[in-house]
Amino acid sequence: MLTEERKKEIKTNIDRIKSEMAQAKEKSPYGQDTVLLAATKTRTAEEINYAIECGITRIGENRVQEMLERYDDINRDKVAFDFIGALQTNKVKYIIDKVDMIQSVDRLELAREIDRQAKKHNLVMDILVEINIGGEQSKSGIAPEDAESFIREISSFEGIKIKGLMSIPPICTDIDKQKNYFKKIMNIFIDISAKKIDNVDMSILSFGMSDDYMLGIECGSTMVRVGTAIFGARDYTKKQMN
């Protein structure tokens, strides 16, 4: 059971983040609304449900096994579920009927399997295409120069609906460099939007996390994925399974 002190911490953090998001929106030249997604890796169902009580309307799960273990304990009627972590093709079948969006589509094989599983369940899965904007070998994602061709290739899949882009830029201490990464993502987003590709609804641009969500919003993000800033430091001593 959550202590009153823990509840106060979570609520205070959410209220502060929402206030800062409003301030960041005023600095954005796009004037866009931005959704606060709570990244829930290692968090308990109690913590997540209390965050939902405090106004969180969307949560992001990183690990399939962890999501399945607490799925029935989450107040699902009050929140949208996204999968935001690296997703193995053979795990798609376990989440296809449980999530509202898969944000981390980074290869053709994965898109094909999402399409196949979605059609088996008579549904259309919203997806975001993950862009590896920094070209980092340690991160997944489509190369920026391949984004349009990849999107065109998977746009014919009837079991998916492309809703936009997501990205995790390299960690930067230089704000100008960070802004440059965000601007590059925004330019890809704007360029693909202008192409009016069938089955592509470029309405979501997901970048910005606990350390840089305000800067992300200033640069045009419509969804920020925030975990630590809401819940505090993660406990990595817990068993982690994908």
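In this text the structure is predicted, and so the values were computed from the model without any measurement. Sequence positions are assigned chain by chain, starting from 1 and proceeding in written order. Where local features are concerned, this predicted model is filtered to residues with pLDDT of at least 70; where side-chain atom pairs are given and counted, the filter is 80 or more; whole-chain, interface and lining totals use all residues. With hydrogens and water set aside, each side-chain value is computed from the structure's full complement of heavy atoms.

1. Points about helix α6 (residues 147-154)
Operational definition: Relative accessibility thresholds used throughout: buried, under 20% of the residue-type maximum; exposed, over 50%; partly exposed, between the two (1.4 Å probe, protein chains only). Secondary structure elements follow DSSP: runs of H or I of four or more residues count as helices, runs of E of two or more count as strands, with numbering from the N terminus. The directions considered for the arc run from the helix axis to the C-beta atoms.
Within the sequence span of α6, burial applies to Ala147, Phe150, Ile151 and Ile154. When α6 is viewed along its axis, its buried side chains cluster within an angular range of 95° and face the same direction.

2. Considerations on the pairing of strand β1 (residues 35-39)
Selection rule: Between any two strands, at least two bridges found by DSSP are needed for them to pair. By convention a crossover is right-handed if, when the strands point away from the viewer, the path from the first strand over the helix to the second runs clockwise.
Counting buried positions over the five residues of β1 gives four, a clear majority of the element. Sheet analysis places β1 next to strand β8 (residues 223-226), joined by four bridges and oriented parallel. By the bridge assignment for β8, leucine 37 is matched with arginine 225. Each parallel crossover has a hand, and the one from β1 via helix α2 (residues 45-53) to strand β2 (residues 58-61) is right-handed.

3. Quick look at the packing of α6 against helix α7 (residues 175-195)
Definition in use: Interaxial angles span 0 to 180 degrees and are taken between N-to-C directions of axes, which are lines fitted to C-alpha atoms, for helices over the stretch in contact. Each angle gets one of four labels, with under 35 degrees taken as roughly parallel, over 145 as roughly antiparallel, 65 to 115 as roughly perpendicular, and the rest as oblique. For a crossing to be left-handed, the near helix must be turned anticlockwise from the far one by less than a right angle; the clockwise case is right-handed. For this analysis, residues touch if any pair of their heavy atoms sits within 4.5 Å. Think of it as three bins: nonpolar holds Ala, Val, Leu, Ile, Met, Phe, Trp, Tyr, Cys and Pro, charged holds Asp, Glu, Lys and Arg, and polar takes everything else, Gly as well.
Between α6 and α7, whose axes approach to 11 Å, the crossing angle comes to 40°. Considered as vectors, α6 and α7 are oriented oblique to each other. At the point where α6 passes α7, the crossing takes the right-handed sense. Between α6 and α7, the contacting residues are Ala147, Glu148, Ile151 and Arg152 on the first element and Ile188, Asp191, Ile192 and Lys195 on the second. Among the residues forming the contact of α6 with α7, the class breakdown is four nonpolar, no polar and four charged.

4. A few points about helix α5 (residues 108-120)
Here is the rule we go by: Multiplying one less than the number of residues by 1.5 Å gives the expected span of a helix.
Relative to the 18 Å expected for 13 residues at 1.5 Å per residue, α5 spans 18 Å between its end C-alpha atoms, a close match to the ideal helical length. Burial in α5 covers these residues: Leu110, Ala111, Glu113, Ile114, Asp115, Gln117 and Ala118. Of the surrounding secondary structure, the elements contacted by the buried residues of α5 are α4 (92-95), β4 (101-105), β5 (125-131), α6 and β6 (160-167). At the exit of α5 stands asparagine 122, carrying a positive phi of roughly 55°.

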